[in-house]
Amino acid sequence: MKYHILGIFFLVASCFYACQNSASESAGNEADDVDVSGIQVKVNIERLEDSLMKLENPTQLKDFLARHKVFVETFYQTPVNDTALIARLDMLIHHPAIHELYQQTQQKFGDLKDLKQEFETAFKHIKFYYPDFKEPRIITTFAGLDNELVVTDSLVIIPLESFIGPKAKYRPQHPNYMLRRYDKPYIVPTVVTLLSKKYNHIDINDRTLLADMVFYGKGFEFTRAMIPNLPDSVVIAYADSNLVKSWNAQAYVWAHFIDNQLLYETNDRIKDKYIGERPYVTEIGTDCPGRIGQWLGWRIVSRYRTENPSVTLVELMKNANAREIFEQAKYKGQKDD
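Just so we're clear, the structure is a prediction, and the values are computed from it rather than from any experiment.

Caption draft 1: Region of interest: the pattern of salt bridges. Applying the stated criterion across every chain, the model contains 21 salt bridges. Of the charged contacts in the structure, one is a salt bridge between D232 and R224, with a shortest N-O distance of 2.6 Å. Between E283 and K273 there is a salt bridge, with its nearest N and O atoms 3.7 Å apart. Here E283, found in the loop between α14 (268-275) and α15 (292-307), pairs with K273, found in helix α14; they are ten residues apart in sequence, far enough to count as distant. Judged by relative accessible area, which is 25%, K273 ranks as partly exposed. Sharing partners across several salt bridges, the network here consists of R299, R303, E307, K330 and D336.

Structure below.
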């Protein structure tokens, strides 16, 4: 299966920092304390951007694409002999402004040693819980902001220039409220969240908003377990301020869901208002960040694990019964003690 970065997210000084710490520590359970020191994984990052950007003409480009057939067909979703793709890449390679972005990409990411270490840590944890886990092949490239991060069970393709961050000369063409996740610290967490789909069992006949919320919540809980000490704000790609607001206003937000009988809503248009990409949820208020239903789903899953400490992460991910998880969570908009 193939996933894109947008899929997973679409499918007060002293007081502020005190609230921030409380929200960050309590939005999900503490990451499971597991020893992965004896687990071996292989993480080899194949860098295509260097050789790609040194190509001089369409003939060399054609040969390059032919040698990387799986990459081309997965990332560009087109045959290796696509003349339009060859022309587009030739233009990018020789465009002065694009070359400036490429140089900035090289300066930002360097030898990728830290990114490799992050993947190693995450993959060791995945293999701890799922011994049959096979590390996906990882390819980095430069696409001139034309393409998104792509993740399959066997292949991860990262267009590095998309993750330079707010100081980039050019940034992905998305609204400002979505650009937070297009930064280096979000690469590995996003990949892990997308990989979680393989283990996140669902009931295909349950089309309710609650089922969607719990699905997202399980995915975030998975990511938090696989990357210890990762801030919750990075897991869900919320600004710290939005995470704090959500935490402090969860009783009010929950009341809105209950009063409007949203949990068992099946209308996709209505559901998307609460789990889809928006700067804020107007139905609740301008201080309520978009995707609030995803965050509430994580709260439900977190409470479920608190109420059921004997349930392992693997058992949680296998549980496709969203209603059972919700009922046993006993979540009613309350903060953790």
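Caption draft 2: Just the environment of Y186, in detail. Structurally, Y186 can be placed in the loop between β5 (155-159) and α9 (187-195). For Y186, a relative accessible area of 7% corresponds to the buried category. Measuring from C-alpha to C-alpha, the distance between Y186 and A237 comes to 7.8 Å, with 51 residues separating the pair along the chain.

Caption draft 3: The packing of aromatic side chains, seen in detail. Throughout the structure, instances matching the rule amount to 16 aromatic pairs. Arranged with centres 4.0 Å apart and planes meeting at 25°, the rings of Y130 and Y199 form a pair that is stacked. A residue pair is termed long-range when its members are at least 10 positions apart, and Y130 in the loop between α8 (113-129) and β3 (137-141) and Y199 in the loop between α9 and α10 (209-226) qualify at 69 residues. A residue is classified by how much of its surface remains accessible, and Y130, at 13% relative accessible area, is buried. Classification of Y199 by relative accessible area gives buried; the value is 11%. Relative to F222, the ring of Y199 lies with its centre 5.7 Å away and its plane at 15°, an arrangement referred to as stacked. With a gap of 23 residues between them, Y199 in the loop between α9 and α10 and F222 in helix α10 connect regions that are remote in the sequence.

Basis of the calculations
Here the residue numbering is sequential within each chain, running from 1 through the sequence in written order. Two thresholds apply to this predicted model, a pLDDT of at least 70 for residue-level local features and 80 or more for giving and counting side-chain atom pairs, whereas whole-chain, interface and lining totals are computed over all residues. As a convention, hydrogens and water are excluded, and side-chain values are obtained from all of the structure's heavy atoms. One side-chain nitrogen of Lys or Arg within 4 Å of one carboxyl oxygen of Asp or Glu is enough to make a salt bridge. Each helix corresponds to a stretch of at least 4 residues labelled H or I by DSSP, and each strand to a stretch of at least 2 residues labelled E; elements are numbered beginning at the N terminus. Only protein chains enter the accessibility calculation, which uses a 1.4 Å probe. A residue is then buried if its area is under 20% of the maximum for its type, exposed if over 50%, and partly exposed in between. Two aromatic rings from Phe, Tyr or Trp, using only the six-membered ring of Trp, form a pair when their centres are within 6.5 Å; if the ring planes differ by under 30 degrees the pair is stacked, by over 60 it is edge-to-face, and anything between is tilted.

By themselves, these figures tell us nothing about what the structure is for.
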